[in-house]
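# Examination of the molecular architecture
Below are the chains, spelled out letter by letter.
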Amino acid sequence: MNPTDYVILAAILFTIGTVGVLIRRNAIVVFMCVELMLNAANLAFVAFARQSGTLDGQAIAFFVMVVAACEVVVGLAIIVTVFRSRRSASLDDANLLRN
Amino acid sequence: MSLVALATPIVAPTIEYARIAPVLIVLGAALLGVLIEAFVSRPLRRGAQLFVTFIALAVAFWAVVRLHGTSTLAVQGAVAIDGPTLFLQGSVLLLSLVAALLMAEREVDPAGDAFAARASALPGSNEEREFTAMGWTQTEVWPLFLFSVGGMLLFPAANDLLTMFVALEVLSLPLYLLAGMARRRRLLSQEAALKYFVLGAFSSAFFLFGAALLYGFAGTVQFGGIASALSSRAGQTGLVLGGTGLIAVGLLFKVGAAPFHQWTPDVYQGSPTPITAFMAAGTKVAAFGALLRVFYVALGGIRWDWRPMMWTIAILTMVVGVVMALTQQDIKRMLAYSSVAHAGFLLTGVIAVSQRGLGGSMFYLLTYGFTVIGAFAVVSLVRDSAGEATHLSQWAGLGKRSPLLAGIFTVFLLAMAGIPLTSGFAGKFAIFASAVASGDGPLVVVAVLASAAAAFFYIRVIVLMFFSEPAQDGPVVVVPSAFTTIALAVCVAVTVVLGVMPQPVLNLVDQASVFVR
């Protein structure tokens, strides 16, 4: 139960999320990768809270969950709207805005 | 060890409601707006929403003025009410009032205001045509706008990383939606919303992980605690530098600094123009306020570690903004890249880490906000049958068609270029002087060269408007209602007055530029 291990796990999850956002092309999958990054941050907060013996990190995790839920609502609304207009959720197809 | 922490009784926090009144008024009005959507009949909604919005912004501004001279922490140290907070909150509220005037305009488009009759109707469908014919408007834009303003008020005031993260999201989430609600060119608008959302969520995840690392180092997320941990303990530089870098990514994304600026041109081009004006001005003020507070108050002690990074980013931002703006053919994209360049100029104030740097940045933010809102207000008035005529070639000879509007636009372009007797010159002078005083001479040389190069593309537009022949089937300049007229008049007045006699505001900024710690 060494908190440092959890911090390392959080860093790995964060990296997986980042790489996922950069290489995946489906908006839903990209969005899930962002959620993974937020949850990695949550895990880091909780692990650091354990390490430092303060409760702040655990309280912050709750706030982050609420914010992430709001982000899901807004994000899915936008992705569904775009999907309905274009019949595609691929970020590569979203290329009308160019020089 | 955590059992000890769990055993301590939970003490109810004290909340100084009067000190955070501006934020509470605006967020309360936003909730009222949601209730109006639910309970007021459709024909009355627009009037009710306009009433609530303008009253709330004006009352919140009055509350900010009432608080002047306050310099204290509030809400258990989560929020700092000090000079920079109050000045930036006042700026955000004034800029929001002007942007709200643009949003209320519905004379320039024969179909109604700038927003889709119904954002959920498919673009080009019969349903959409029906809603448009019935004269519906998406009045939900008003509560969304107020939520975003509330976030902008909290963002520069936040004194811990959690409050700052929540404010960042409250500011951003409504803007993602507003970006996708344009009445014309809806596919572009929805695409702008998608890009803004994906990149915005990505960057806020970076901010949050950076906050976690700094919490891991300091054991607290309050800026004062982080600063004292930095000064008392050396070591664990991995956590500190990693946290600093990741937080910087999140905030630099919001201000649109290179290499995190890619969303700016697309979102500025695709969004409804009043919303573009609002976010170009408001987000920049709020995000630079937050950036200044984090890097001055929490991370000021390790400035020798982050200044090289900021130097690089500032230079890159100025160069990318200017070079890309030179190549644009669309007026909104050109203004977007110009805002990237301005973010670079503003970063020189962050790098200065001095009271003058802070004051110069605050003054620059106020002047740039009014100028950019005015510029986008002009863009919304030059139209053809398909909506706004944003291609630069369509602006040829505008000065012959409408000398007044072209003259007004010239004032804004000269201010952005930083020509003397406009507010842009006073702002640039204040911020560059502070950077020189802090020993950043080489950076200022780059910034001045970049401004000189930037003047080229602003003046190119002026030449295009006044010295080329108008096309036969060119766009027309629409006569707006009182809303846009007042907004334009205010923006021109501020741009000229702050250029001719900036001293009163500079004095105000001087007194206000001390962070409470």
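In this text, all values refer to a predicted model and were calculated from it rather than measured experimentally.

In terms of helices and strands, chain A carries three helices and zero strands. Listing every helix and strand of chain A by position from the N terminus yields α-α-α. Summarising its shape, the C-alpha atoms of chain A cover approximately 50 × 25 × 25 Å along the three principal directions. Burial statistics for chain A: of 99 residues in total, 42% are counted as buried. Summed over all atoms, the accessible surface of chain A reaches about 5000 Å², with 67% contributed by carbon and sulfur. Of the charged side chains in chain A, 7 are positive and 6 negative; the average position of the first set lies 12 Å away from that of the second.

A tally of helices and strands in chain B yields 21 helices and five strands. Against the compact-globule benchmark of 24 Å for 517 residues, chain B has a radius of gyration of 22 Å, which places it among compact chains. With the C-alpha coordinates aligned to their principal axes, the bounding extent of chain B is approximately 75 × 55 × 40 Å. Counting across all 517 residues of chain B, residues that qualify as buried make up 65%. A total of about 17600 Å² of accessible surface is found on chain B, and carbon and sulfur atoms cover 70% of it. Taking the average location of the 28 positive side-chain charges in chain B and that of its 23 negative ones, the two points are 4 Å from each other.

It is possible for side chains of opposite charge to pair when their charged atoms get near one another. Going through the model one piece at a time under the given rule, you end up with 14 salt bridges over all chains. With a shortest N-O distance of 3.1 Å, B:Glu191 and B:Lys195 are connected by a salt bridge. Residue B:Glu191 and its partner B:Lys195 are located together in helix 8 (residues 186–218), separated by four residues, close to a single helical turn. When its relative accessible area of 0% is taken as the criterion, B:Glu191 is described as buried. Linking B:Arg307 and B:Asp440 is a salt bridge whose minimum nitrogen-to-oxygen distance equals 2.9 Å. Taken together, the residues span a long stretch of sequence, with B:Arg307 in helix 13 (residues 303–326) and B:Asp440 in the loop between helix 18 (423–437) and helix 19 (441–467) at a distance of 133 residues. Beyond isolated ion pairs, a larger network of salt bridges with shared partners links A:Arg86, B:Glu191, B:Lys195, B:Asp266 and B:Arg333.

Let's shift gears to the side chain of B:Ser172. Along the polypeptide, B:Ser172 turns up in helix 7 (residues 161–179). A polar contact of 3.1 Å, which involves the side chain of B:Ser172, links it to the side chain of B:Lys254.

So, on to the nonpolar core. Residues and elements named next belong to chain B. Counting residues in each nonpolar core, the largest one holds 220 residues, and the members touching the most others are Phe155, Leu299 and Leu347. Among the elements that make up this core, the one with the highest residue count is helix 8 (19 residues). Excluding its chain neighbours within four sequence positions, the residues that come into contact with Phe155 are Met164, Ala167, Leu168, Leu171, Leu251, Ala286, Ala287 and Ala290.

Each partner contributes to the interface: chain A provides 48 residues, whereas chain B provides 48 residues. Buried area between chain A and chain B, both sides added, is near 4100 Å², and the carbon and sulfur share of it is 78%. Between the two partners, chain A and chain B, sit one salt bridge. Among the ionic pairs, B:Glu191 bridges to A:Arg86, the shortest N-O distance being 2.9 Å.

All names here are of chain B. Of note, the bond from Ala258 into Pro259 is cis; its omega dihedral lies within 30 degrees of zero at 0°. For Pro259, the position within the fold is in the loop between helix 10 (237–255) and helix 11 (263–270). Even without being a glycine, Gln76 presents a positive backbone phi close to 55°. Relative to the elements of secondary structure, Gln76 occurs in the loop between strand 1 (72–74) and strand 2 (79–81). Residue Gln76 is classed as partly exposed on the basis of its relative accessible area of 47%.

The next point concerns the packing of helix 8 of chain B against helix 11 of chain B. All names here are of chain B. Between helix 8 and helix 11, the least distance of the axes is 8 Å, while the angle of their chain directions is 145°. Of the two possible hands of crossing, helix 8 and helix 11 adopt the one that is left-handed. Across from Leu188, Ser189, Ala192, Lys195, Tyr196 and Leu199 in helix 8, the residues of helix 11 making contact are Trp263, Asp266, Val267 and Gly270. For the contact of helix 8 with helix 11, the class distribution of residues is six nonpolar, two polar and two charged.

Rules used in this analysis
Residues numbered from 1 in each chain as written. Chains lettered and ligands numbered in written order. Predicted model: local features only at pLDDT ≥ 70, side-chain atom pairs only at ≥ 80, totals over all residues. Heavy atoms only, no water. Helix = DSSP H or I, 4+ residues; strand = E, 2+ residues; numbered from the N terminus. Buried < 20%, exposed > 50% of the residue type's maximum accessible area, 1.4 Å probe, protein only. Areas by Shrake-Rupley, 256 points an atom, 1.4 Å probe, with all protein chains shown as cover. Lys, Arg positive; Asp, Glu negative; His and termini not counted. Charge placed at Lys NZ, Arg CZ, Asp CG, Glu CD. Rg over C-alpha atoms; globule rule 2.2 N^0.38 Å. Salt bridge = Lys/Arg side-chain N within 4 Å of Asp/Glu carboxyl O. Polar contact = N/O pair within 3.5 Å; in protein donor to acceptor, adjacent residues only side chain to side chain. Core = buried A, V, L, I, M, F, W, Y, C linked by side-chain atoms within 4.5 Å. Contact = heavy atoms within 4.5 Å. Buried area = accessible area lost by both parts, 1.4 Å probe. Axes fitted to C-alpha atoms, helices over the stretch in contact; angles between N-to-C directions. Left-handed = near helix turned anticlockwise from the far one by under 90°. Nonpolar A, V, L, I, M, F, W, Y, C, P; charged D, E, K, R; others polar.

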